[in-house]
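So you can see what is in the structure, the chains are spelled out below.
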Amino acid sequence: MSIEMKTKYGQIDISNDVIATVAGGAAVDCYGIVGMASKKQLKDGIAEILRRENFTKGVVVRQEQEGVHIDMYIIVSYGTKISEIAHNVQSKVKYTLDKTVGLAVDSVNIYVQGVRVTNP
């Protein structure tokens with residue numbers, strides 16, 4: 001499935017994987033994010049951090065009649081305010097997708113899959 005955009009020059013089809021990769025890259029650049037987690041993971045209560053090439057497993061792009069919705073599964077750093085991190089991720093993902101792809105996203109839903117304690 002892909003997102004279709006029409007311009008005066010023609011039609012542009014953008015794959016959901018491309019949108020997920022751009023959104024995941026924007027999310028991991030935010031302060032307090034340790035990484036992305038898989039949406040189907042949490043076996044034995046352990047959330048594994050995805051590498052950059054696997055961000056599509058932690059981001060779900062849904063296109064509905066009223067617009068585009070993104071679900072993101074993240075792992076946050078211990079000692080940070082989760083609500084503030086989630087807000088920052090939502091803002092950055094919306095901004096990045098608007099500027100790089102030209103896609104207006106209606107909602108960015110954040111699912112915190114784990115908290116990672118880092119060694120000092």
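One can find the structure itself at the top, above this paragraph.
By convention here, each chain's residues receive numbers from 1 onward along its written sequence. The model is predicted, so local features are restricted to residues of pLDDT at least 70 and side-chain atom pairs to those at 80 or more, both for listing and for counting; the totals for chains, interfaces and linings are taken over all residues. As a rule here, side-chain values come from all non-hydrogen atoms in the structure, and water together with hydrogens is ignored.

Turning next to a nonpolar patch on the surface. A surface patch of nonpolar side chains, about 470 Å² in accessible area, is lined by Tyr78, Ile82, Val112, Val115 and Val117. In this text, helices come from DSSP runs of H or I with a minimum length of four residues, and strands from runs of E with a minimum of two, each type numbered from the N-terminal end. Inspection of the secondary structure assignment puts valine 117 in the segment after β7 (105-116). The residues that make up patches have over 30% relative accessible area and no salt bridge, and they are joined within 9 Å when like-charged or within 5 Å when they are Val, Leu, Ile, Met, Phe, Trp or Tyr. Computed by Shrake-Rupley with a 1.4 Å probe, the accessible areas treat only the displayed protein chains as cover when residues are assessed. Here, a salt bridge means any Lys or Arg side-chain nitrogen found within 4 Å of an Asp or Glu carboxyl oxygen.

Before going further, it helps to examine the nonpolar core. Residues enter a nonpolar core if they are buried and are Ala, Val, Leu, Ile, Met, Phe, Trp, Tyr or Cys, with the set joined through side-chain atoms within 4.5 Å. Buried means the residue's accessible area, taken with a 1.4 Å probe over protein chains only, is under 20% of the maximum for its type, while exposed means over 50%, and partly exposed covers the values in between. With 28 residues, the main nonpolar core has Ile19, Val59, Ile70, Met72, Val89, Val93 and Leu97 as its most contacted residues. Residue assignment for this core shows that the elements contributing at least two residues are β1 (2-7), α1 (16-28), β3 (33-37), β5 (59-64), β6 (67-77), α2 (82-100) and β7. Residues within four places of valine 93 in sequence aside, it is in contact with Ala23, Ala26, Ala27, Ile70, Met72 and Val108. Contact criterion: two residues are considered in contact whenever any of their non-hydrogen atoms come within 4.5 Å of each other.

Counting through the fold element by element, methionine 36 comes out in strand β3. The spacing of methionine 36 and tyrosine 73 is 37 residues in sequence and 6.0 Å in space, taken between C-alpha atoms.

The next subject is α1. Expected span of a helix, by definition, is 1.5 Å for each gap between consecutive residues, and there is one gap fewer than residues. Over its 13 residues, α1 runs 18 Å from end to end, which matches the ideal 18 Å to within 8%, given 1.5 Å per residue. Along α1, the residues classified as buried are Asn16, Ile19, Ala20, Ala23, Gly24, Gly25, Ala26 and Ala27. Those residues of α1 that are buried are in contact with β1, β2 (10-15), β3, β5, β6 and α2. Here a polar contact is recorded for every N or O atom pair within 3.5 Å, except that within protein the pair must consist of a potential hydrogen donor and a potential acceptor, and residues adjacent in sequence are included only if both atoms are side-chain atoms. The opening residue of α1, the one whose side-chain oxygen lies 3.1 Å from the backbone nitrogen of aspartate 17, is serine 15.

Next up on the list: the pairing of β3. Among the five residues in β3, four count as buried, and that is most of the element. In terms of strand pairing, β3 meets β6 through three bridges, oriented antiparallel. Note on β6: the bridge partner recorded for methionine 36 is isoleucine 74. We call two strands paired when DSSP finds no fewer than two bridges between them.

Attention shifts here to the environment of isoleucine 19. Structurally, isoleucine 19 is set in helix α1. For isoleucine 19, a relative accessible area of 0% gives the class buried. For isoleucine 19 and leucine 103, which are 84 residues apart along the polypeptide, the C-alpha to C-alpha distance reads 9.1 Å. Ignoring sequence-local partners within four residues, the contact set of isoleucine 19 consists of Ile3, Ile14, Val61, Ile70, Leu97 and Leu103.

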